[in-house]
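Close look at the chain arrangement
Listed below, chain by chain, are the residues.
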Amino acid sequence: MKEAGNRQGSSSPCAACKLLRRRCAADCVFAPYFPADDPHKFASVHKVFGASNVNKMLQDLPLHQRGDAVSSMVYEANARVRDPVYGCVGAISSLQQQVAQLQTQVALAQAEIVCLRMQQAASFNTLIDSKTPASTASPPLASSLPDWVQQHKTLMVKNTEELSSNDVLWS
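Everything quoted here is computed from the prediction, not taken from an experiment. Residue indices begin from 1 for each chain and proceed along its sequence in written order. The predicted nature of this model means local features are confined to residues of pLDDT at least 70 and side-chain atom pairs, given and counted, to a pLDDT of 80 or more, with totals for whole chains, interfaces and linings taken over all residues. Excluded from the side-chain calculation are hydrogens and water; included are all heavy atoms of the structure.

**Some words on the overall build of the protein chain**
- Each helix is a run of H or I in the DSSP string that is no shorter than four residues. Each strand is a run of E no shorter than two, and both are numbered from the N terminus. Scanning the protein chain for helices and strands turns up six helices and zero strands.
- From first element to last, N terminus to C terminus, the protein chain shows the α and β order α-α-α-α-α-α.
- Burial analysis of the protein chain (171 residues in total) assigns 25% to the buried set.
- Should any heavy atoms of two residues lie within 4.5 Å, those residues are considered in contact. Contacts spanning at least 24 positions in sequence make up 53% of the contacts within the protein chain whose residues lie at least 6 apart.
- Values of accessible area rely on a 1.4 Å probe in the Shrake-Rupley scheme; residue burial ignores everything except the protein chains shown. Accessible surface for the protein chain amounts to roughly 12,000 Å². Of this, 57% is attributable to carbon and sulfur atoms. Residue burial is assigned from relative accessible area. The probe radius is 1.4 Å, only protein chains are included, and a residue is buried under 20% of its type maximum, exposed over 50%, and partly exposed in between.

Pasting the structure below:
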């Protein structure tokens, strides 16, 4: 019976050796990172980078960094398979565009809050002015401030429309 810590052994080669149709040696550099039960993982990495290049990259790295390198290669390879032109850069750009749109929505919500607070303050001042003598009434709010808020809101809507018309946002 095999020990739990051993590699799967020569009877069950790793996914890389299976795909490459070669015998899986005891010191196979691919075995710890490409298990036999996940063949698609190595297939996509092999399709994008090539087995020889992956082998060279893994051998050039210290053991403690190889797992992270394989994770990065798998992510990039899967992104390249989905989007051959942009790869993971396309995914990053899409996420950046979503962040920009969400930031615009937050700014619009904040502008609307300011507008509502201004309306509430104006109605409160009107209520106070109607109950106090004319000599102690508070000064009316500047009428240009709500217009400024409305201009800001219009500008933010315009920026949102411009952002949504762009396919890719580069920053």
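Back to the text.
**Focus: the nonpolar core**
- Ranked by size, the top nonpolar core spans 21 residues in total, and within it Cys14, Phe30, Phe34 and Leu58 carry the most contacts.
- Of all the secondary structure elements, the ones that give two or more residues to this core are helix H1 (15-20), helix H2 (39-49), helix H3 (51-60) and helix H4 (63-82).
- Residues in contact with Cys14, not counting those within four places in the same chain, are Cys24, Cys28, Phe30, Ala31, Phe34 and Ala36. Buried residues of nine kinds, namely Ala, Val, Leu, Ile, Met, Phe, Trp, Tyr and Cys, make up a nonpolar core once their side-chain atoms join them within 4.5 Å.

**A word on the packing of H2 against H3**
- Their axes nearest at 7 Å, the elements H2 and H3 cross at an angle of 100°. Here H2 lies roughly perpendicular to H3, going by the angle between them. Residues Phe42, Val45, His46 and Phe49 of H2 pack against Ala51, Asn53, Val54 and Met57 of H3.
- Residues were grouped as follows: Ala, Val, Leu, Ile, Met, Phe, Trp, Tyr, Cys and Pro as nonpolar; Asp, Glu, Lys and Arg as charged; and all remaining residues, including Gly, as polar. Its residues assigned to classes, the contact of H2 with H3 comprises six nonpolar, two polar and no charged. With axes taken as lines fitted to C-alpha atoms, and helix axes fitted only over the stretch in contact, angles between N-to-C directions fall between 0 and 180 degrees. What sets the label is the angle itself: under 35 degrees gives roughly parallel, over 145 gives roughly antiparallel, 65 to 115 gives roughly perpendicular, and the rest give oblique.

**What about a nonpolar patch on the surface?**
- Patch membership needs two things, relative accessible area over 30% and no salt bridge, and members are linked within 9 Å if like-charged or within 5 Å if nonpolar (Val, Leu, Ile, Met, Phe, Trp, Tyr). Counted as salt bridges are all cases of a side-chain nitrogen of Lys or Arg within 4 Å of a carboxyl oxygen of Asp or Glu. A cluster of nonpolar residues, Val85, Tyr86 and Val89, forms a patch on the protein surface that exposes about 270 Å² of accessible area.
- Counting through the fold element by element, Val89 comes out in helix H5 (residues 88-131).
- On the accessibility criterion, Val89 (37% relative accessible area) is partly exposed.

**A word on the confidence of the model for the protein chain**
- Considering every residue of the protein chain, the mean pLDDT works out to 80; 69% of them sit at 70 or more.
- One number per residue, pLDDT, summarises how confident the predictor is, and it ranges from 0 to 100. Below a pLDDT of 50 lies the segment residues 1-10, which in the model reaches 13 contacts outside its immediate sequence neighbourhood of four places, other chains included.
- Between residues 167-171, whose pLDDT stays under 50, and residues either more than four places distant or in other chains, the model counts eleven contacts.

**Considering H4**
- Here the expected span of a helix is defined as 1.5 Å times the quantity of residues minus one. Compared with the 28 Å implied by 1.5 Å per residue over 20 residues, the 30 Å span of H4 between its first and last C-alpha is a close match.
- Among the residues making up H4, those that are buried are Arg66, Ala69, Val70, Met73, Val74, Glu76, Ala77 and Ala79.

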